[in-house]
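A closer look at the structure
Each chain, written out:
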Amino acid sequence: SKDNHKSRVFKKNVPDMCGECHSDPTKMKPYKGHTDQVDEYKQGIHGEILYGKRVSPKADDVPVCNDCHGTHGARPAEVSQVPMVCGSCHREVARHLRESEHRAALIQFDEPECTDCHGNHKNTIPEAGLFTGNGDHDGNCESCHDQEEEKVLQLAVDLQNAAGQAEKLGQKFDTAIERHRGKPEAARFLEGESGKVREARLKVLRATHSLNTKKVQ
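Bear in mind the structure is a predicted one, so any value in this text is a computation, not a measurement. (Residues numbered from 1 in each chain as written. Predicted model: local features only at pLDDT ≥ 70, side-chain atom pairs only at ≥ 80, totals over all residues. Heavy atoms only, no water.)

1. Examining the overall build of the protein chain
Short version of the rule: Think of it this way: any DSSP run of H or I at least four residues long counts as a helix, any run of E at least two long counts as a strand, and we number them from the N terminus. The Shrake-Rupley method, run with a 1.4 Å probe, gives the accessible areas here. Residue values count only the displayed protein chains as cover. His residues and chain termini do not enter the charge count, which takes Lys and Arg as positive and Asp and Glu as negative. By convention, the point assigned to a charge is CZ for Arg, NZ for Lys, CD for Glu and CG for Asp.
From N to C terminus, the protein chain includes 12 helices and zero strands. For the protein chain, the sequential pattern of α-helices and β-strands runs α-α-α-α-α-α-α-α-α-α-α-α. With the C-alpha coordinates aligned to their principal axes, the bounding extent of the protein chain is approximately 55 × 50 × 30 Å. As presented, the protein chain carries roughly 14900 Å² of accessible surface, and 52% of it is formed by carbon and sulfur atoms. Mean positive and mean negative side-chain charge positions of the protein chain (32 and 35 charges, respectively) differ by 7 Å.

Take a look at the structure:
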């Protein structure tokens, strides 16, 4: 039963069950496939949520292998299907993407798709530095757009600034909560407000997929 934590099909056990074949170089050799998917999944944000390394209010909904690839008819998601697969959970992001110029590019060129910016199994945590870089890594926008595309790169800067402001506000609330730990009523109030700030930050990050600064603001 999938509800029995000892079952191979229990949600937390699914990646390792799939990995019995997909992480085995000998078994995968005829298919010339990768064998690092399970390890990468466990390092990605979905894996961290599944195994309790990252707290999420939607932990029960975090996807495992079969949620994206299917079960008995499992197969890699086709390029044109990736936004639909990701969008089945990330509905607001998918809506913004459909309204953006990226949608036309996706229809015509099959890119950019979700995994181009976020990765697939080892998917990244949405952050401000995703657009133009943050010192630890280069920005994703420049991987497709040339320096000559000034308007596009300026948009990337504007989106990064908006996301960065939302992140800084969240950090200020976290700092304030720690500072008021000895004052229970104040800490409870700040924690309640902090939840609203976190949701507002997520809304900003989701809206960046529209490529529309007015919607982000």
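Alright, that's what it looks like, and here's the rest.
2. Here we look at the side chain of His96
Selection criterion: Residue burial is assigned from relative accessible area. The probe radius is 1.4 Å, only protein chains are included, and a residue is buried under 20% of its type maximum, exposed over 50%, and partly exposed in between. Note on contacts: a residue pair is in contact if any heavy atoms of the two residues lie within 4.5 Å.
Within the element layout of this structure, His96 appears in helix α7 (residues 91-98). Using a relative accessible area of 6% as the deciding quantity, one classes His96 as buried. Those residues within four positions of His96 in sequence are excluded, and the remaining contacts are Arg206, Ala207, His209, Ser210 and Lys215.

3. With respect to the packing of helix α10 (residues 150-179) against helix α11 (residues 184-207)
Two numbers describe a pair of packed helices, the interaxial angle and the distance between the axes. Just so we agree on the cut-off: Helix axes are fitted only over the stretch in contact, all axes being lines through C-alpha atoms; the angle between N-to-C directions runs from 0 to 180 degrees. For classification purposes, angles smaller than 35 degrees are called roughly parallel, those larger than 145 roughly antiparallel, those between 65 and 115 roughly perpendicular, and all remaining angles oblique. Crossing handedness is defined as follows: a turn of the near helix away from the far one that is anticlockwise and smaller than a right angle gives a left-handed crossing, while the clockwise case is right-handed.
Taken N-terminus to C-terminus, the directions of α10 and α11 make an angle of 165 degrees; their axes are 9 Å apart at the nearest point. Our classification of the angle between α10 and α11 gives roughly antiparallel. Considering how the two elements wind past one another, α10 and α11 form a crossing that is left-handed. Between α10 and α11, the residues in contact are Ala162, Ala163, Ala166, Glu167, Leu169, Gly170, Phe173, Asp174, Ala176 and Ile177 and Leu190, Glu191, Glu193, Ser194, Val197, Arg198, Arg201, Val204 and Leu205, respectively.

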